[in-house]
Number of protein chains: 2
Amino acid sequence: MGTGTVTPATEMLSREELRDRLLAVGAGRYHHQHPFHLRMHEGLLSRGQMQAWALNRYYYQSRIPMKDALLLAKSEDPAFRRAWRKRIVDHDGNLDGYGGIEKWIKLAEAAGLSPDEVIPCVGVLPGVRYAVDAYLALVRDSPLLVAVASSLTELFSRDLISLRIDKMRMHYPYMVDGLAYFEGRLTQAPEDAEFALDYVSTHAGNRSQQQQVIGALEQKCAILWAQLDAIDYAYVSPGNIPPGCFVPQCD
Amino acid sequence: MGTGTVTPATEMLSREELRDRLLAVGAGRYHHQHPFHLRMHEGLLSRGQMQAWALNRYYYQSRIPMKDALLLAKSEDPAFRRAWRKRIVDHDGNLDGYGGIEKWIKLAEAAGLSPDEVIPCVGVLPGVRYAVDAYLALVRDSPLLVAVASSLTELFSRDLISLRIDKMRMHYPYMVDGLAYFEGRLTQAPEDAEFALDYVSTHAGNRSQQQQVIGALEQKCAILWAQLDAIDYAYVSPGNIPPGCFVPQCD
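Keep in mind the model is a prediction, meaning the values are calculated, not measured. (Residues numbered from 1 in each chain as written. Chains lettered and ligands numbered in written order. Predicted model: local features only at pLDDT ≥ 70, side-chain atom pairs only at ≥ 80, totals over all residues.)

(A) Spatial organisation of the overall build of chain A. Of the regular secondary structure elements, chain A holds eleven helices and zero strands. The linear arrangement of helices and strands in chain A, starting from the amino end, is α-α-α-α-α-α-α-α-α-α-α. Whereas a compact globule of 251 residues would reach a radius of gyration of roughly 18 Å, chain A reaches 18 Å, a difference of no more than 12%. Projected onto the principal axes, the alpha-carbon positions of chain A cover approximately 55 × 40 × 35 Å. Burial statistics for chain A: of 251 residues in total, 42% are counted as buried. (Helix = DSSP H or I, 4+ residues; strand = E, 2+ residues; numbered from the N terminus. Rg over C-alpha atoms; globule rule 2.2 N^0.38 Å. Buried ≥ 20, exposed ≤ 12 C-beta atoms within 10 Å, placed from the backbone.)

In structure tokens:
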């Protein structure tokens, strides 16, 4: 992992060492460094490319509460479930329905899409769909510890979202009415990440389980990265949009 | 589907109409038209790119017999299972182990890789992995009819493989010692495709099931296409190889 610690590979890591290993995964593999995000932050994306990103990423957003429901279903502990269900509420909203998913639809509208284009997930890139479905499969098929650990990318999301809000205001002023999703995540994501980090630090009872935690974060980073690979491939160079997928109607 | 027939959307298609619809799916969505294949056939790929293709595609090859085992497990009919298990034998070989998977390793060796680099599937692109895993999930989670239909891309593979053999001899002479896989598939694939086509034609008992058959073929085409998207993205333009993935050591 190259974090410079000297703990032998069979000994338990301390809480601090585990945290350092997880932060090192983020530094090397989180999608803040993906070429598509770099391009976005440099202001180089067209409105059509922003639409393609918002439409494809909606599929991920739409699956988050389903992922969290799969995770809830693994826990026998009402206290854990009460704490974790906050995430479902954050995304699905209260009875008024105004949560993260609705806010993402507003973001897509700001980019120029109608909800009818976005919500059915027709035209989503297969590569994005497979990556997101791999996330649900990982959570469904893994022990609770690994499922919780796969959420730890939220350790890194605050910095990325904060930068993205600035860059959108600067380079994509038409997106300004759609930033409520990111503004909400600025406080939600760090709270969620701290809870998950505390959980895995407490419940990984030996080095092997700690390695599973680290591996789960690596897998989740790859899942986020692969979504941007698919979007970057299809929408940055001409001629690469797969059959049946969303075709932007503006440059 | 734009095949020019006038059968109303609720009436059963004839065997010929169903076949025509399936062929139309292949014409529009099979990966013979993918930009990466077009580049390959024009002789434009470097040896490193051929290696990346062989290494990543090995993950698909390695999962085919697992897919066929999932499919076998769905059938209560010994005669069907006897017929279908031929595919497992074709890929895994007889006791000498010389089957499609072994032949693909020879192909990768012709490209300049060692079996130790290929067999562990370390360095496979996550996008390829997710697409292949989506194929296994489709077969695992669908009725037998849909699982069988998802194999119908073999209707189109003979022409592609035949062209590929010619183009490899012409443009990539170092690959010549690795062509046994493709030579075997020239006869295996059409036999398998005819069996599957006959099966779905006989067992799709109403229009809705026929549409499921067509939809399964569309899904499978997308799965093949997405693998090449990931390979094309990562290995054609510089700077796009995701963290932890295979890096060619030659141009």
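(B) Fine view of helix 11 (residues 207-236) of chain A. With 30 residues, helix 11 of chain A should reach 44 Å at 1.5 Å per residue; the first-to-last C-alpha distance of 43 Å fits that figure. Within helix 11 of chain A, 22 of the 30 residues are buried, which leaves the element mostly enclosed by the surrounding structure. (Expected span 1.5 Å × (residues − 1).)

(C) Focus on the environment of S208 of chain A. Structurally, S208 of chain A can be placed in helix 11. Put simply, S208 of chain A and M12 of chain A are 196 residues apart on the chain and 8.4 Å apart in space, counted from C-alpha to C-alpha.

(D) Structural detail: the relation of the copies chain B and chain A. Overlay of chain B on chain A (RMSD 0.0 Å): rotation 180°, translation along the axis 0.0 Å. The transformation just described matches what one would write down for a two-fold rotation axis. Mapped onto chain A, 100% of the interface residues of chain B are again interface residues, and the two copies thus contact each other with one and the same surface. (Least-squares fit on C-alpha atoms with pLDDT ≥ 70 in both. Contact = placed C-beta atoms within 7 Å.)

(E) Seen up close, unusual backbone geometry. All names here are of chain A. Of note, C121 is a non-glycine position whose phi angle comes to about 60°, a positive value. If you trace the backbone, C121 turns up in the loop between helix 6 (115-118) and helix 7 (126-141). The exposure class of C121 is partly exposed, given the 15 C-beta atoms found within 10 Å.

(F) The interface of chain B and chain A, seen in detail. Between chain B and chain A, the contact holds 21 residues from the first and 22 residues from the second. Sorting the residues of the side of chain B that touches chain A by element identifies helix 1 (15-29), helix 7 (126-141) and helix 11 (207-236) of chain B as the ones contributing at least two each. Considering only residue class, the side of chain B that touches chain A consists of 13 nonpolar, four polar and four charged. (Nonpolar A, V, L, I, M, F, W, Y, C, P; charged D, E, K, R; others polar.)

(G) Focus on helix 4 (residues 78-92) of chain B. Residues and elements named next belong to chain B. Look at helix 4: 20 Å from first C-alpha to last across 15 residues, which is about the 21 Å you get at 1.5 Å a residue. Taken as a whole, helix 4 carries its principal kink of about 25° at W84. All of the buried residues along helix 4 are W84, R87, D90 and H91. On the buried face of helix 4, the contacting elements are helix 3 (47-72), helix 5 (100-111) and helix 10 (180-203). Following helix 4 by one or two positions, G93 has its phi on the positive side, about 80°. (Bend = angle between axes of the 7 residues up to and from the residue.)

(H) A look at the packing of helix 7 of chain A against helix 7 of chain B. One can describe the packing of helix 7 of chain A onto helix 7 of chain B by two numbers: an axis separation of 8 Å at closest approach and a directional angle of 70°. The orientation of helix 7 of chain A with respect to helix 7 of chain B, classified from their angle, is roughly perpendicular. Residue-level contacts link G127, Y130, A131, D133, A134 and A137 of chain A of helix 7 of chain A to G127, Y130, A131, D133, A134 and A137 of chain B of helix 7 of chain B. For the contact of helix 7 of chain A with helix 7 of chain B, the class distribution of residues is eight nonpolar, two polar and two charged. (Axes fitted to C-alpha atoms, helices over the stretch in contact; angles between N-to-C directions. Parallel < 35°, antiparallel > 145°, perpendicular 65-115°, else oblique.)

(I) Spatial organisation of the nonpolar core. Formed by 134 residues in total, the largest nonpolar core has its most connected members in A108 and I231 of chain A together with A108 and I231 of chain B. Excluding anything up to four places from it in sequence, I231 of chain A contacts F36, A52, W53, N56, L125 and V128 of chain A. (Core = buried A, V, L, I, M, F, W, Y, C linked by C-beta atoms within 7 Å.)

(J) Local environment of the environment of A222 of chain B. Within the secondary structure layout, A222 of chain B lies in helix 11. A222 of chain B sits in the buried class, given 25 other C-beta atoms within 10 Å. Along the sequence, A222 of chain B and Y30 of chain B sit 192 residues apart, while their C-alpha atoms lie 7.9 Å from each other. Among residues more than four places away in sequence, those in contact with A222 of chain B are P126 and P242 of chain A.

(K) Spatial organisation of the packing of helix 3 of chain B against helix 11 of chain B. All names here are of chain B. Put simply, helix 3 and helix 11 touch, their axes get as near as 10 Å, and they point 150° apart. Judged by the inter-axis angle, helix 3 sits roughly antiparallel to helix 11. Of the two possible hands of crossing, helix 3 and helix 11 adopt the one that is right-handed. When helix 3 is examined against helix 11, the residues Q49, A52, W53, N56 and Y60 are found in contact with a partner set consisting of Q227, I231, Y235 and V236. Residue composition of the contact of helix 3 with helix 11, by class: six nonpolar, three polar and no charged. (Left-handed = near helix turned anticlockwise from the far one by under 90°.)

(L) Representation of the environment of V148 of chain A within the structure. Residues and elements named next belong to chain A. Here V148 is to be found in helix 8 (residues 144-149). For V148 and S14, which are 134 residues apart along the polypeptide, the C-alpha to C-alpha distance reads 19 Å. Residue contacts for V148: discarding those within four places in its chain leaves A196, Y199 and V200.

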